[in-house]
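What the coordinates show
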Amino acid sequence: SMQRRLHKMVHSFHDHRLLALMDVKGFDPKEVSVTVKDGKVKVVAEHEEEYATSRGKEYNYKNIRKEISLPPGVSEDEVTYSL
């Protein structure tokens, strides 16, 4: 099952080993999604800002996409993540 906490990392509790650590500074927690499927952990973070300038509206868009394969012997239901 998935768990959300107040840290910025994705990890596996298998033997208490860290699978991955990612910097998602600047992203709101609701802009970050983590899915575990087919032996992989997929992290997607997307942020878009709209602001007015003297030339009109401008947009700032940034995203992070990362896919991490689970180590052998780690089942998908053992994976938890903290954000």
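The protein carries the name Outer dense fiber protein 1 in an unreviewed UniProt entry, which gives Nestor notabilis as its organism. Within the UniProt record for the protein, the comment given under Function (unreviewed entry) is "Component of the outer dense fibers (ODF) of spermatozoa. ODF are filamentous structures located on the outside of the axoneme in the midpiece and principal piece of the mammalian sperm tail and may help to maintain the passive elastic structures and elastic recoil of the sperm tail."

Focus: the pattern of salt bridges
The full count for this structure, using the stated rule, is five salt bridges. Arg55 is the salt-bridge partner of Glu58, the closest N and O atoms lying 2.6 Å from each other. Given a relative accessible area of 22%, Glu58 falls into the partly exposed group. Accessibility expressed as a relative area gives 71% for Arg55, which makes it exposed.

A short note on unusual backbone geometry
Phi at Asp38 is positive, roughly 55 degrees, even though this residue is not glycine. Note that Asp38 resides in the loop between β2 (32–37) and β3 (40–53). Judged by relative accessible area, which is 65%, Asp38 ranks as exposed.

Considering the packing of aromatic side chains
According to the stated counting rule, one finds zero aromatic pairs in the structure shown. Lying over the aromatic face of Phe27, Lys62 brings its terminal NZ or CZ to 5.0 Å of the ring centre.

What about the pairing of strand β4 (residues 56–69)?
Sheet topology note: the β3/β4 ladder contains 14 bridges and is antiparallel. Directly across from Lys42, in β4, lies its bridge partner Glu67. Remark: two residues form the turn of the hairpin made by β3 and β4, two consecutive strands paired antiparallel.

Some words on the nonpolar core
Of all hydrophobic cores here, the largest spans 16 residues; its most connected members are Val32, Val41, Val43, Leu70 and Val79. Elements that contribute at least two residues to this core include exactly β2, β3 and β5 (79–82).

Here we look at the sheet that holds β4
Pairing between the strands of a sheet comes from backbone hydrogen bonds, and it takes one of two forms, parallel or antiparallel. Spatially, three strands are ordered β2-β3-β4 in an open sheet, and the strand pairing comes out antiparallel. In this open sheet, the two strands that pair with only one neighbour each are β2 and β4. Averaged over all adjacent pairs, the angle separating strand axes in this sheet is 15 degrees, with direction ignored. Bridging between β2 and β3 involves six bridges; their strand directions are antiparallel. The residue bridging Thr35 from the neighbouring strand is Lys42, located in β3.

Rules of the game
- Residues numbered from 1 in each chain as written.
- Predicted model: local features only at pLDDT ≥ 70, side-chain atom pairs only at ≥ 80, totals over all residues.
- Heavy atoms only, no water.
- UniProt positions renumbered as here; feature names shortened; annotations may be inferred.
- Salt bridge = Lys/Arg side-chain N within 4 Å of Asp/Glu carboxyl O.
- Buried < 20%, exposed > 50% of the residue type's maximum accessible area, 1.4 Å probe, protein only.
- Helix = DSSP H or I, 4+ residues; strand = E, 2+ residues; numbered from the N terminus.
- Phe/Tyr/Trp six-rings, centres within 6.5 Å; stacked < 30°, edge-to-face > 60°.
- Lys NZ or Arg CZ within 6 Å of the ring centre and 35° of its normal.
- Pairing = 2+ DSSP bridges.
- Core = buried A, V, L, I, M, F, W, Y, C linked by side-chain atoms within 4.5 Å.
- Axes fitted to C-alpha atoms, helices over the stretch in contact; angles between N-to-C directions.

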